[in-house]
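Listed below, chain by chain, are the residues.
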Amino acid sequence: MIAIIDYGAGNIRSVEKALVHIGCRVTVTRDPQTLLAADAAVLPGVGSFGDAMQELRARGLEAPIRAFIASGRPFLGICLGLQILFESSEESPGVAGLGLLRGKIVRIPAGEGLKIPHMGWNSLDIRRPRGLFARIPAEPYVYFVHSYYLKAEEDIVTATASYGVTIDAAVQKDNLLACQFHPEKSGAVGIELLRNFAAMAGEGGRD
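Thresholds, definitions, all that
Residues numbered from 1 in each chain as written. Predicted model: local features only at pLDDT ≥ 70, side-chain atom pairs only at ≥ 80, totals over all residues. Heavy atoms only, no water. Core = buried A, V, L, I, M, F, W, Y, C linked by side-chain atoms within 4.5 Å. Buried < 20%, exposed > 50% of the residue type's maximum accessible area, 1.4 Å probe, protein only. Helix = DSSP H or I, 4+ residues; strand = E, 2+ residues; numbered from the N terminus. Contact = heavy atoms within 4.5 Å. Salt bridge = Lys/Arg side-chain N within 4 Å of Asp/Glu carboxyl O. Arc of directions from axis to C-beta. Pairing = 2+ DSSP bridges. Disulfide = S-S within 2.5 Å.

Trainee: Would you mind showing me how to read the nonpolar core here?
Mentor: Grouped burial of nonpolar side chains is what soluble globular proteins tend to show. Residues Leu-19, Val-42, Leu-76, Leu-124, Phe-133 and Phe-181 are the most contacted members of the largest nonpolar core, which totals 40 residues. The greatest single-element share of this core, amounting to six residues, is contributed by helix 6 (residues 187–200). The contacts of Leu-76, once residues within four sequence positions are left out, are Ala-41, Val-42, Leu-43, Leu-132, Leu-177, Ala-178, Cys-179, Leu-194 and Phe-197. Counting 33 residues, the second-largest nonpolar core is a separate cluster that includes Ala-9, Leu-35, Met-53 and Ile-105.

In structure tokens, the structure reads:
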């Protein structure tokens with residue numbers, strides 16, 4: 001079973017529908033015990049860094065998330081769910097993130113012809129064609145919606161994108177995976193990415 005963590009800041013239903021579509025057993029939950037009993041977990045997110053961390057902490061989910069990741073089971077952060085895995089963000093000065101990974105979340109700089117937020121389809125440069133990106137063709141297009149991006153400070157980047165700057169678009173450290181883009185909104189490529197994640201949990205999607 002894959003738990004989708006509901007902390008009031010996620011595009012929960014689209015992620016749920018995509019996972020159900022590929023044959024996964026899914027539960028949407030804000031209950032720590034349900035999360036800790038799952039085979040894998042997804043942390044989606046839309047909104048601000050500070051609000052997300054406030055909601056996670058108010059709902060008592062920070063410690064269960066840490067315990068789940070420490071258990072070695074697959075964990076996937078999506079969009080804001082990637083950003084809050086890091087220590088902090090320029091979006092919400094003074095707010096501590098989960099600090100599970102090292103890197104900076106910074107605002108995409110304004111540039112000629114570049115609209116902020118970065119919204120729409122963008123190609124990826126896959127650095128590590130395994131994990132989420134197993135069997136994914138080179139330079140796939142995926143869907144982004146964000147104004148802040150990751151500059152990783154450890155060797156965890158699995159894919160990048162270019163939008164005036166180089167965006168660290170996906171990371172993996174052992175069982176902890178995350179992507180800045182939205183696989184659930186990225187068509188056939190996104191479905192394949194979710195199949196790869198589901199396979200790590202022995203769920204749906206792939207033999």
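That covers the picture; the talk isn't over yet.
Trainee: I'm lost on the pattern of salt bridges in this one. Help?
Mentor: It is possible for side chains of opposite charge to pair when their charged atoms get near one another. Counted according to the given criterion, the structure contains ten salt bridges. Here Asp-155 and Arg-128 are joined by a salt bridge, their closest N and O atoms 2.4 Å apart. Of this pair, Asp-155 sits in the loop between strand 9 (148–152) and strand 10 (157–162) while Arg-128 is found in the loop between strand 7 (125–126) and strand 8 (141–146), placing the two residues 27 residues apart along the sequence. A salt bridge links Glu-154 to Lys-173; the shortest N-O distance between them is 3.0 Å. Residue Glu-154 is found in the loop between strand 9 and strand 10, and its partner Lys-173 is found in strand 11 (residues 166–173); the two are separated by 19 residues along the sequence. With a relative accessible area of 36%, Lys-173 lands in the partly exposed category. The structure contains a network of salt bridges with shared partners spanning Arg-57, Glu-62 and Arg-66.

Trainee: Would you explain the side chain of Gln-83 in this entry?
Mentor: With respect to the helices and strands, Gln-83 occurs in helix 5 (residues 80–83). Accessibility expressed as a relative area gives 4% for Gln-83, which makes it buried. Beyond its immediate stretch of four places on either side in the chain, Gln-83 contacts Phe-49, Glu-91, Ile-105, Tyr-148, Tyr-149 and Gln-180.

Trainee: Is there a simple way to explain unusual backbone geometry in this structure?
Mentor: Outside of glycine, negative phi angles account for most residues, and trans bonds account for most peptide bonds. Each neighbour pair has its own omega, and for Ile-116 with Pro-117 the value is 10 degrees, a cis peptide bond. In this fold, Pro-117 is placed in the loop between strand 5 (103–107) and strand 6 (118–123). In this structure, Cys-79 is a non-glycine residue whose phi angle is positive, near 60 degrees. Classification of Cys-79 by relative accessible area gives buried; the value is 7%. The backbone phi angle of Arg-135 is positive, close to 65 degrees, even though this residue is not glycine. Relative to the helices and strands, Arg-135 is located in the loop between strand 7 and strand 8.

Trainee: Explanation requested: helix 1 (residues 12–21) in the structure shown.
Mentor: For the α-helix, the turn length of 3.6 residues means that residues three or four positions removed from each other point alike. Among all positions in helix 1, only Ile-12, Val-15, Ala-18 and Leu-19 are buried. Angularly, the buried residues of helix 1 cover 140 degrees about the axis, an arc narrow enough to put them on a single face. Looking at helix 1, the residues exposed on the side facing more than 90 degrees away from the buried face are Arg-13, Lys-17 and His-21. Positive phi shows up at Gly-23, right after helix 1, with a value of about 95 degrees.

Trainee: Sorry, what's going on with the sheet that holds strand 4 (residues 75–78) here?
Mentor: Through backbone hydrogen bonds, the strands of a sheet pair up, either in parallel or in antiparallel fashion. In spatial order, the strands read 2-1-3-4-12-11-10-7; together these eight strands make up an open sheet with mixed pairing. Of all strands in the sheet, those bounded by a partner on one side alone are strand 2 (26–29) and strand 7. Relative to strand 3 (residues 40–43), strand 1 (residues 2–5) runs parallel, the two being bridged by three bridges. Counterpart to Ile-4 in the pairing with strand 3 is Val-42.

Trainee: Where do I start with the state of the cysteines in this structure?
Mentor: Each disulfide consists of a covalent bond between the sulfur atoms of two cysteine residues. Taken as a whole, this structure holds zero disulfides when the rule is applied. Between Cys-24, a free cysteine, and Cys-179, which holds the nearest cysteine sulfur, the sulfur-to-sulfur gap is 15 Å. Cys-79 takes part in no disulfide bond, and the closest cysteine sulfur to it belongs to Cys-179, at a distance of 8.6 Å.

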